[in-house]
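Understanding the architecture of this molecule
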Amino acid sequence: MSTRPRRLAAKKAPIVIELSDSESETIASKGNDEYMPTETRSRIVDRAGRTAASGVTASRKRWPDPKTSSSSGDAPAAKKRRAKKDKENESNPSNGVTESEIAPPLSTPPEVDGAAHSSIPVSSNTTTGRSSFWERRKVWNIHELLAETEHIQPTAARNIVQLFENENTIPFICRYRRDLVDHITPDRLRDIRNTYTEIVDLRKKAENIVNTLERENVLNTEIREELMCAKTNEELEFLYAPYKPASKGTLAERAKALGLQQYADCLLYGTAPRVELSSIVDPSNTDLATEELVLTGICNIIIHNISKNTSVLEELRRLQNVHRIMLKCSKTKSTTSSKTTTSKSAAANGINDKKLDSSKFENYFNFLADVKTTKPHQTLAINRGEKHKFLTVKVETNNYLKNDLTRFISDQYMSEGLMYPLRRDVFTRSLEECFTKKLHPLLCRQVRAELKEKATRASIEVFGKNLKQLLLMSPLKGERILGIDPGYTNGCKLALISETADVLETGVIYPHGRQANKRGAEQKLVELLSKFNCRIIALGNGTACRDTEMWLSSLFQAGILDARSIRYSIVNENGASIYSCSDVATKEFPKMDRNEISAVSIARRLNDPLSEYVKIEPRHLGVGMYQHDVNEKTLTETLNDVVSECVSYVGVDLNTASLSVLKHIAGLSEKKAEKIIEHRTQKGPFQSRKDLLSVRSIGEKTYVQCAGFVRIEPLSMGGKVKNPLDCTWVHPESYKLAEAVIQKCDLKLSDIGKAVFMQRIKEFGMAQNNLEQLAEQHKLHMERVKFVLVALQRELLQDYRADLDKRPLFKQGLTRLDELSIGDVVTGAVTNVTHFGAFVDIGVERDGLIHKSHMNNCELSIGDRIIASVLKVDMQRRQLGLRLENMLEETDTSFTLKTE
């Protein structure tokens, strides 16, 4: 017989579980819209949803009732006869329902050991002890729960599920299927997709649990339906807890092995006969030699049963949200550990912060906050401090929570049954130990887990947002750029690139350190700039950056560099050294020194940020918030999505795009991108988008996803293309519609991109009857027609990153940190944005921090130009505090220095 804890029997109203008939519900009329997502053949199995849709409900069976409780513990022959009868009823098709639609055969519920089972009275209206929270639950479909969780329209949720099941990418959906998803933004759709994945995993987990309980003969229809109704992992765990076996070797399992289960149940539920400890003592057994040992064993079983009771877990969760719970941090005694130990600890956890020490966590040495108001960045900082043993963290609850929970548990168990002193004493002792050893630690784990999950999501959201802004910084086209990777011992590496980012010359100068040769460094720098008529310098922000910047400033002041024509910009060099050692760099520059490759990367980041940053793993770009402390897999997936979104938004020339960029186009992978490059190398440039279908591994599905994001540009085709629509945002699936529009406007394909062409298309689109006529003629949704008209009005081959107006910041001088004083007004550019503030480069040794409380309710993003005032200058900690005063509307256009 099963030795699992019996679920609490309480006299409550029966649970009513409604099965939704969702599949029969009608959604918005599809009409003749051929682009409505179709059901995929390989749909994710959603058995519960399908059962719900069929409208078939299995007969409900409560367990055990007075008529069956005694027989369930009788001879095995009775069980066999009953099982045989159930099997015959299952196979009988007289009810008109197919076998696949009927829930699996009912099985007997978990039983308690020995004769105690037959002696426990159970009411005929017994339920599983679920509170009203579980009444009237539905077996949901995936799209139903998605709509409920993410607060989106049911029709949009259904379409989103079908689109994801058909492997449509987010960039494709947001550009070419946005009418189906209610015009949801890519960022929002990423969140919805993550929720969708969690829901699918939840359904799979519930089905696995059902299968497990079915194999163990612990399943009936009620249990099955309740498990399939669970809408979160917490709910599923609550429902599964009473059936989950205790780990082998636990105190409860040892006590059960001694035969104390029946006595524990009698004391817990108040069933007859009364328990006498003296009658259980067995001097021959060392574990039962005294009454105290017996009492301890019984208490262990009761503690286990209470801690696994579903209603108790539900109430614990409810009280957790009702009562005030505090997070308390304090300084540990071991914060004086050596720097070597700290550095090793940081390296072991993937944190490349050699200066990590206890001073970075001073704000949390005496920290106390309500968990409901604890900010994500505070949680991440506390977790990191705890990991490195700088902080001790505790979750504190008040006595009200404990009193409410113990009162609830007492009402559940002690409101009925035989009452006698031993039962009261045992229950009181067990309850106290249960709260101390089981329930309170569980509460603390739940609170910390929720805080961590919330903080992790916030960190990933911040990183994704910052990465998107960084990738979409405006490129600096038409200029030759000198990249400088500053350094001391190995000197400053130089790399000068052309307007098309080709390397013209490289070298090394030594303006600092032991090998300093400032005279020679000046001569070589001036010679390079003059030889190639270069007027833009990109300076990496790594080691020796500020010294090199001061050196450049002195050259401007001395007149060695012409301040009227030459400008320099500080460039984020995070990840440059990692890229220089990568296989991508080796293939691109097989004979170049790795240090010089870093300088090339710095120069190219100014020339075309997107094309260069995609070569580096996003987490190495340094624009996140505690990104090293979050789940690497989840972070990587989100960042890859952001990169794909940005690359797809900008688009690429199919005949010139590098592997690093092409592999991030929606629908493509690295292998498919390699096949595309191999095809154009062997057979020449692509003549049209349709030629992609002749590439091995590029099928119809991949073609549909990627075709709208690749272009055939005239420059790569000698000035002429087969179909000018291949240069536009118009998807090949809409070429017929586009051609019809052009014909109605008395235009030609060759006119695409001209001012007259765009004006006439705009005028045509302003007439509603024209749109309606096209939609009806081509059997398309109105939104599809409007998008094609918008795509035809865009300038040909325009780089739309310029729309975002995030241009590089150029400077001519440098201010020292010790020259700043409180109240000074400075200008700068935002380099990183977090939940607690924004970091700004104002031209001193360190970026200044504008705390969110000093932002004047403004939302800043990377690249924004701002005016700020100095609030704090901490020379000892090298910290600079700023207050946002205003936004600079006029951006620096100094890179347009080219003169005719």
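Check the entry above for the structure.
Below you will find a few notes about this structure. (Residues numbered from 1 in each chain as written. Predicted model: local features only at pLDDT ≥ 70, side-chain atom pairs only at ≥ 80, totals over all residues. Heavy atoms only, no water.)

**Remarks on the environment of L606**
- Position of L606 relative to the elements: it lies in helix α24 (residues 594–607).
- Owing to a relative accessible area of 6%, L606 belongs among the buried residues under this scheme. (Helix = DSSP H or I, 4+ residues; strand = E, 2+ residues; numbered from the N terminus. Buried < 20%, exposed > 50% of the residue type's maximum accessible area, 1.4 Å probe, protein only.)

**Side note on the pattern of salt bridges**
- Inspection of the entire model under this criterion finds 33 salt bridges.
- For E237, the salt bridge goes to K205, with nearest N and O atoms at 2.9 Å. One end of the pair, E237, is in helix α10 (residues 233–240); the other, K205, is in helix α8 (residues 186–215), and 32 residues separate them in sequence.
- You can call E237 partly exposed: its relative accessible area is 27%. (Salt bridge = Lys/Arg side-chain N within 4 Å of Asp/Glu carboxyl O.)

**Some points on the pairing of strand β18 (residues 879–887)**
- Taken together, the two bridges between strand β16 (residues 848–851) and β18 define a ladder with parallel strand orientation. Residue pairing in the sheet places L849 in a bridge with G881 of β18.
- Across eight bridges, the pairing between strand β17 (residues 865–874) and β18 is antiparallel. By the bridge assignment for β18, I866 is matched with M887.
- Linking β17 to β18, which pair antiparallel, is a turn of four residues; within it R878 sits at a positive phi near 55°. (Pairing = 2+ DSSP bridges.)

**Things to note about the packing of α10 against helix α15 (residues 310–322)**
- Contact geometry of α10 with α15 gives a least axis separation of 8 Å together with a crossing angle of 150°. Accordingly, the angle class assigned to the pair α10 and α15 is roughly antiparallel. Crossing geometry of α10 relative to α15 is assigned as right-handed. Along the contact surface, α10 presents E234, F238 and L239, while α15 presents T310, L313, E314 and R317.
- Across the contact of α10 with α15, the residue classes tally to three nonpolar, one polar and three charged. (Axes fitted to C-alpha atoms, helices over the stretch in contact; angles between N-to-C directions. Parallel < 35°, antiparallel > 145°, perpendicular 65-115°, else oblique. Left-handed = near helix turned anticlockwise from the far one by under 90°. Contact = heavy atoms within 4.5 Å. Nonpolar A, V, L, I, M, F, W, Y, C, P; charged D, E, K, R; others polar.)

**A short note on the environment of N305**
- Summarising the element assignment, N305 is placed in helix α14 (residues 291–307).
- Among the residues examined, N305 registers a relative accessible area of 3% and is labelled buried.
- As for N305 and A241, which are separated by 64 residues in sequence, their C-alpha atoms are 9.8 Å apart.

**Overview of the nonpolar core**
- Ranked by size, the top nonpolar core spans 102 residues in total, and within it L662, I665, I676, L692, V741, L792 and L882 carry the most contacts.
- Those residues in contact with V741 that lie beyond four places of it in its chain are I761, F764, L774, L789 and L792.
- Counting 59 residues, the second largest nonpolar core, distinct from the first, contains L268, V312, F365 and L443. (Core = buried A, V, L, I, M, F, W, Y, C linked by side-chain atoms within 4.5 Å.)

**So, helix α17 (residues 376–387)**
- Its twelve residues place the ends of α17 16 Å apart at the C-alpha level, agreeing with the 16 Å of an ideal helix rising 1.5 Å per residue.
- Judged by how many residues are buried, α17 sits mostly within the fold: nine of twelve residues are covered.
- Residues of α17 that are buried: P376, H377, Q378, T379, L380, A381, I382, R384 and G385.
- Residues of α17 that are buried in the fold lie against β3 (325–331), β4 (366–370), β5 (391–397) and α19 (421–471).
- Just past α17, the residue K389 takes up positive phi, approximately 65°. (Expected span 1.5 Å × (residues − 1).)

**Brief notes about the sheet that holds β18**
- Read around the closed barrel, five strands run β14-β15-β16-β18-β17, paired in mixed fashion. Between one strand axis and the next, the sheet turns by 50° as a mean value, whatever way the strands run.

**Observations concerning the packing of aromatic side chains**
- Counted according to the given criterion, the structure contains eleven aromatic pairs.
- Summarising the aromatic geometry, the rings of F361 and F390 are spaced 5.4 Å apart at their centres and angled 35° between planes, so their arrangement reads as tilted. Linking F361 in the loop between α16 (339–348) and β4 with F390 in the loop between α17 and β5, this pair joins segments that are 29 residues apart in sequence.
- Look at F390 and you get buried, because its relative accessible area is 2%.
- For the ring pair Y413 and F427, a centre distance of 6.2 Å and an interplane angle of 50° mean the geometry is tilted. (Phe/Tyr/Trp six-rings, centres within 6.5 Å; stacked < 30°, edge-to-face > 60°.)

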